[in-house]
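# Residue-level structural notes
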Amino acid sequence: MIHTIIKKNSYQDSINLMLLTNEVSAIEGINKVQVMMATPANKDIFKGAGLYTDELETAESNDMAIVVDTDSEEKVQEVVDKTEQYLKDQSISGGDQAFETVRTWDKAIKTLPNANMAMISVPGQYAAEEGHAALDRGLHVFMFSDNVPMEAEAELKQKAHEKGLLVMGPDCGTGILDGIPMAFANVVKKGRIGIVGASGTGIQEVSSIIDRLGEGVSHAIGTGGRDLKDPIGAITMMDGIKALENHTQTDVIAIISKPPAKEVRDKVVDLLHSVSKPVVAIFLGEKPEQHEGNVYQAYTLAETAQIAVDLVRSNDIKEDYNAGDYDVEGVTLKEGQNAVKGLFSGGTLASETAVLLSDALGLGTSITNEDGYVFKKDGHEVVDLGDDKYTQGKPHPMIDPETRAKFIEQSAQDEKTAVILLDFVLGYGSHDDMASALLPSIEKAFAHAKSEGRELYIVASVCGTTSDPQDYQGHINRLRDAGIIVKDNNNEAVRTALSIVGLHVDDIKKAHVDVPATQNDLSVSDQVQAFVNERPSIINVGLKSFTNALTDNNAQVVQFDWRPVAGGNEKMRKILSLLK
Amino acid sequence: MQYNSIDEANRAVIDRITGSAPFLVDVVPAKSKIKELNEGKVLLHAGPPIKWDDMTGPMQGSCIGASLYEGWAANEEEAEKMLAGGEVKFIPCHHVNAVGPMGGITSANMPVFVVENRSTGNEAYCIMNEGIGKVLRFGAYSDEVINRLKWMQDVLAPTIAKALKLTDDGLNLNVMIAKAITMGDEFHQRNIAASLIFLKEISPYIVQVDMDEKERHEVIKFLADTDQFFLNIMMATGKAVLDGARQIEEGTVVTAMCRNGKDFGIRISGMGDEWFTAPVNTPQGLFFTGYSQDDANSDIGDSAITETFGVGGFAMIAAPGVTRFVGAGGFSDALSTSNEMTEICIDQNSNFTIPTWDFQGTCLGIDARKVVETGIEPVINTGIAHKKAGLGQVGAGTVRAPKECFEKALEAYAKKLGLI
């Protein structure tokens, strides 16, 4: 029997409700339950889950909908009680805050007049509008929101560029500004390496390794995954590079991206050759053959970090950072047990894995994402569990272990599976203790393989620093104690997994060649100059949990408890826009 | 539109509010100022227009009481028959420069305060506060109620009127409000400081009035006992100021909020006299012993003019003392209530700074656009009437203005401007 409870005008952000859904799902006697705002998009998700009802039909975007499938009526009340308790506890825990909470842009600006950046994490359909609102107020934009149309992104970035502002994102998962972690980010020492990156976990992996090697990061500017696509033309990447060129505390610049469109790549590389500082660049999926002038090219994320550290220390740059001994002793596998399953929470870590796996199989380094698989061939699989395909109505796997736990158990049941590769991404935004959360499934996986007389290998790396809110060394210890092979970084973990199944990657020794410097205009606007030289002062529009990293690091922040304009009432929204 | 933008028009409206100069100048029989009251049997009521049949208990009770007071009927049955029979004409207070608390029932001979807004040259009127317990505004009409009204007409009103005549040019209300807000009043639920200031200002003149000593004592005693005496002066002040401001007939500033027990009505500057209504909510709050939420009448009264002016619920932070009484959780709730209200207001009024709010000014100019945009409905502090006539006040609490009023107002204004 399906029951529907509609709580009128009770807006909560989606992450909260997803976590709440998980919590009430645990109530015994519940077949299925979903708690969401009754937006048109979410109604489709209810439909998909077989939880669509007539009451839901009439609910509006600002209404919270609880749909419970249970055989016993009294469980419904239990769900409602638990929901209310959850929301109440949340308001109590938010009782003593180091920042003010506002509901309008006017109030936000009034509360924090020196704000220079808006961090936007509202639902994608509203993100561009809020982005424009921020730019119109002279604020740089960090846009965590995804599902923003490409044209909207181009429009935002062109406007920002004209106004001398930066738009980081959309779909910007991470960033570090003057030592302050943004959204999903590690706590990395402040230092002299500046990063501009078009990928989330790519920046996290490189910045964490830099920290663990003893150096630090000045700024890590995220651009969003599509910045280097043709319609955008790397607007943010290029402005970001110029910003770091003009930032005196930055000595080395690191560029991280997936392979861009040819013309865009040429434009970016041409700019890099004008820069006065040494640069290390990785276009993930390209296997570079040489270092050119001031631009050093890396094949893996770890190599990117290692070159950056050697550059900043003025060490000689090695021809190859990737070669090494990745053998595992005493491997025993059954006949036909030769598949590697990469189950990743980090998209770029999944991509890096796919590149190396493809390369080792002699299939080249160019990869494509199909149906949530970054790589799928001959039983080998690399899955990006943070892909939209797996996150519809569910929290990201960096927050919630559920989807990955299932995949781990399934992979163990496949008798071809020799190695399961995992990533554990620490830092702000991520789960408090993903190692412990996944260990039950990992133990089940080991036990299942054993019960069928197979050895199963699990190889992992932990992307994090000793300063992260989670316990970095404790994570490694817990994983090792459970029988997992833990390597320092994803590159090493992948190569270790490959060696278990008898594969390896041939690396290229890169020589340095001189190329003439180019003459691009490297000047930046006053606002960008101020942005890299001053501590960010932030209006956080949307997810309240993002304020934790900011207040922990003494950034000035005001929380904008965003809700859809006019409660999502389209008619009033239009009238309001006419009455501006 | 004569302004370049709605923002500019709104600024002109709120400049009228901050530039206002309200003075309490007189107390007179309502009929001497409101000519409509001389045209047969006429009663003024709170809120937007309403028919007898649609009135809730307290307002009907007040009508009965007023009929007895005016001598139109000898008893309750006669009065009810006359009222139900359509013999009495009903006019909203707001249509005749007046405001009335709760039922807002005002009849020809009831004395009203006269507040003059000297910056815009208009006046506003409000009946005098009768104290608490069994009172007409909550629908009570026993002999005790009628006798008190007669005493107010015969003794209290003439005394205050004479005392006011002795002042140079009336009482400067901005000064009294500015003082009282620093003393913990928010002017809707709590007026004790302002009432004391009024007593302080008026008593030197009352002692000069040539009158019976026993009656003088009664007047002073009544003023000293009536904690909410200033509320009705505040209401007339709000009306005088906002009527002055709405002489500018553009923009989206809310210029009146009121309730008749059935409908909540608002006006915005750009739409002149037109009401935009939606069904009222029922206040939530604390109840006197023996009563509960089930006894509560739906929202009623013109007193939300105080919130429209920027005090009342909007100035909750000024009066932490009553936050518990109106059901809120304490100082931090009072703070977040006032902070929330700044989100829907255009500015803050530095004439009235609130010490407990780091000397920020009271809320200034509710922008209907902001209400609709954010979904934050204006909060109103209010007394709660028993839904049955004659039982009077049973509690106090808060209530929200329904956002539909604001949506309708904006839609109408967009039409008027030819935008849709």
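Everything quoted here is computed from the prediction, not taken from an experiment.

Moving on, we get to the interface of chain A and chain B. For an interface, size is often stated in terms of accessible area lost upon the parts coming together. In this assembly, 21 residues from chain A lie in contact with 22 residues from chain B. Together, the buried faces of chain A and chain B total about 1800 Å²; carbon and sulfur atoms form 55% of this surface. The tally of links from chain A across to chain B stands at two salt bridges. The closest approach of N and O atoms between K370 of chain B and D106 of chain A, which form a salt bridge, is 3.0 Å. Put simply, the parts of the chain that give the side of chain A that touches chain B at least two residues each are β4 (100-102), α5 (105-111) and α20 (570-578) of chain A. The greatest single-element share of the side of chain A that touches chain B, amounting to six residues, is contributed by α20 of chain A. Its residues assigned to classes, the side of chain A that touches chain B comprises nine nonpolar, four polar and eight charged.

Where nonpolar side chains cluster on the molecular surface, the patch consists of L578 of chain A together with L419 and I420 of chain B and spans about 210 Å² of accessible area. Considering the arrangement of structural elements, one finds L578 of chain A in helix α20.

This next bit is on the domain arrangement of chain A. Domains assigned within chain A are domain 1 (2-93), domain 2 (100-321 + 522-526) and domain 3 (339-500). Centre-to-centre, using C-alpha coordinates, domain 1 of chain A lies 38 Å away from domain 2 of chain A.

The next point concerns the environment of D15 of chain B. Residues and elements named next belong to chain B. Looking at the element boundaries, D15 is found in helix α1 (residues 6-18). Residue classification places D15 among the partly exposed positions, given a relative accessible area of 42%. Separated by 230 residues in sequence, D15 and A245 have C-alpha atoms that sit 7.9 Å apart.

Before going further, it helps to examine the sheet that holds strand β3 (residues 64-70) of chain A. Through backbone hydrogen bonds, the strands of a sheet pair up, either in parallel or in antiparallel fashion. All names here are of chain A. In space, the three strands of this open sheet follow the order β1-β3-β2, with antiparallel pairing throughout. Whereas interior strands pair on both sides, the edge strands pair on one side only; in this sheet they are β1 (2-7) and β2 (30-37). Strand after strand, the sheet turns through a mean of 10 degrees between neighbouring axes, direction not considered. Bridging between β2 and β3 involves seven bridges; their strand directions are antiparallel. Looking across to β3, one finds that M36 is bridged to A65. Sheet strands in contact with helix α1 (residues 14-25) are β2 and β3, and its direction is about 165 degrees off that of β2.

All right, on to the nonpolar core then. Counting residues in each nonpolar core, the largest one holds 150 residues, and the members touching the most others are L156, F198, L223, F229, F230, I266 and F406 of chain B. Among the elements that make up this core, the one with the highest residue count is helix α5 (residues 143-166) of chain B (twelve residues). No fewer than three residues from each of domain 1 (24-233) and domain 2 (248-416) of chain B sit in this core. Leaving out residues up to four positions away in the same chain, L156 of chain B has contacts with M128, W151, V219, F222, L223 and F229 of chain B. Membership of the second largest hydrophobic core comes to 102 residues, among which are M119, I221, L271 and L284 of chain A.

For the rest of this paragraph, the subject is the domain arrangement of chain B. All names here are of chain B. According to the domain assignment, chain B consists of domain 1 (24-233) and domain 2 (248-416). Measuring from the centre of the C-alpha atoms in domain 1 to the corresponding centre in domain 2 gives 22 Å. Each partner contributes to the roughly 3200 Å² buried at the junction of domain 1 and domain 2, and carbon and sulfur atoms together form 66% of this total. Counting across the interface, domain 1 meets domain 2 through zero salt bridges. Summed over the shared surface of domain 1 and domain 2, the number is 14 residue pairs in polar contact (both at pLDDT 80 or more). Looking at the side of domain 1 that touches domain 2, the elements that each hand over two or more residues are α3 (57-70) and α6 (173-181).

With that settled, the discussion passes to the side chain of R103 of chain A. Looking at where R103 of chain A falls in the secondary structure, it is placed in the loop between β4 and α5. E340 of chain B provides the closest opposite charge to the buried, salt-bridge-free R103 of chain A, at an N-O distance of 4.7 Å. Within the structure, R103 of chain A has its side chain in polar contact with the backbone oxygen of D561 of chain A (distance 3.4 Å). Residues in contact with R103 of chain A, not counting those within four places in the same chain, are F560, D561 and R563 of chain A together with E343, T374, G375 and I376 of chain B.

This part takes up the layout of surface pockets. Computed from the structure, the second largest pocket encloses a volume of approximately 930 Å³. What lines the second largest pocket is a set of 34 residues, and nearest its centre among them are D106, R137 and K580 of chain A together with K370 and E373 of chain B. Sorting the residues of the lining of the second largest pocket by element identifies α5, α6 (124-136) and α20 of chain A together with α1, β13 (345-354) and α13 (368-374) of chain B as the ones contributing at least two each. Grouping the constituent residues of the lining of the second largest pocket by class yields eleven nonpolar, six polar and 17 charged.

The next point concerns the sheet that holds strand β8 (residues 254-260) of chain B. Residue and element names in this part refer to chain B. In spatial order, the strands read β10-β9-β8-β12; together these four strands make up an open sheet with antiparallel pairing. Strand pairing shows two members of the sheet lacking a second neighbour, β10 (276-279) and β12 (300-301), which therefore form its edges. Relative to strand β9 (residues 263-268), β8 is paired through five bridges, and the arrangement is antiparallel. Opposite R259, over in β9, you have F264 as the bridge partner. Contacts from helix α14 (residues 403-416) reach β8, β9 and β10 within the one sheet, and its direction differs from that of β10 by about 150 degrees.

Using the criterion set out here, one finds twelve aromatic pairs over all chains in the structure. A ring pair is formed by F187 of chain B and F230 of chain B, whose centres lie 6.2 Å apart and whose planes are at 55 degrees; its orientation type is tilted. Of this pair, F187 of chain B sits in the loop between α6 and α7 (192-206) while F230 of chain B sits in helix α9 (residues 229-245), and the two are 43 residues apart along the sequence. The same class applies to F187 of chain B as to F230 of chain B, namely buried. Between F222 of chain B and F229 of chain B the ring centres are 6.3 Å apart and the planes differ by 90 degrees, which places this aromatic pair in the edge-to-face class. Considered together, F222 of chain B and F229 of chain B belong to a single accessibility category, that of buried residues. Cluster of aromatic residues (ring-pair linked, three or more members): F113, W151, F198, F222 and F229 of chain B. It is K47 of chain A that lies over the ring of Y52 of chain A; its NZ or CZ is 4.8 Å from the centre. The ring of Y69 of chain B has K150 of chain B sitting right over it, with the charged end atom 4.7 Å from the ring centre.

Parameters and conventions
- Residues numbered from 1 in each chain as written.
- Chains lettered and ligands numbered in written order.
- Predicted model: local features only at pLDDT ≥ 70, side-chain atom pairs only at ≥ 80, totals over all residues.
- Heavy atoms only, no water.
- Contact = heavy atoms within 4.5 Å.
- Buried area = accessible area lost by both parts, 1.4 Å probe.
- Salt bridge = Lys/Arg side-chain N within 4 Å of Asp/Glu carboxyl O.
- Helix = DSSP H or I, 4+ residues; strand = E, 2+ residues; numbered from the N terminus.
- Nonpolar A, V, L, I, M, F, W, Y, C, P; charged D, E, K, R; others polar.
- Patch = residues over 30% accessible without salt bridge, like charges linked within 9 Å, V, L, I, M, F, W, Y side chains within 5 Å.
- Areas by Shrake-Rupley, 256 points an atom, 1.4 Å probe, with all protein chains shown as cover.
- Domains from an automatic or database assignment.
- Buried < 20%, exposed > 50% of the residue type's maximum accessible area, 1.4 Å probe, protein only.
- Pairing = 2+ DSSP bridges.
- Axes fitted to C-alpha atoms, helices over the stretch in contact; angles between N-to-C directions.
- Core = buried A, V, L, I, M, F, W, Y, C linked by side-chain atoms within 4.5 Å.
- Polar contact = N/O pair within 3.5 Å; in protein donor to acceptor, adjacent residues only side chain to side chain.
- Lys, Arg positive; Asp, Glu negative; His and termini not counted.
- 1 Å grid on protein atoms, 1.4 Å probe; cavity = no way out; pocket = protein on both sides within 12 Å on 5 of 7 lines; lining within 4 Å.
- Points joined across faces, edges and corners; volume = space filled by probe spheres on them.
- Phe/Tyr/Trp six-rings, centres within 6.5 Å; stacked < 30°, edge-to-face > 60°.
- Lys NZ or Arg CZ within 6 Å of the ring centre and 35° of its normal.

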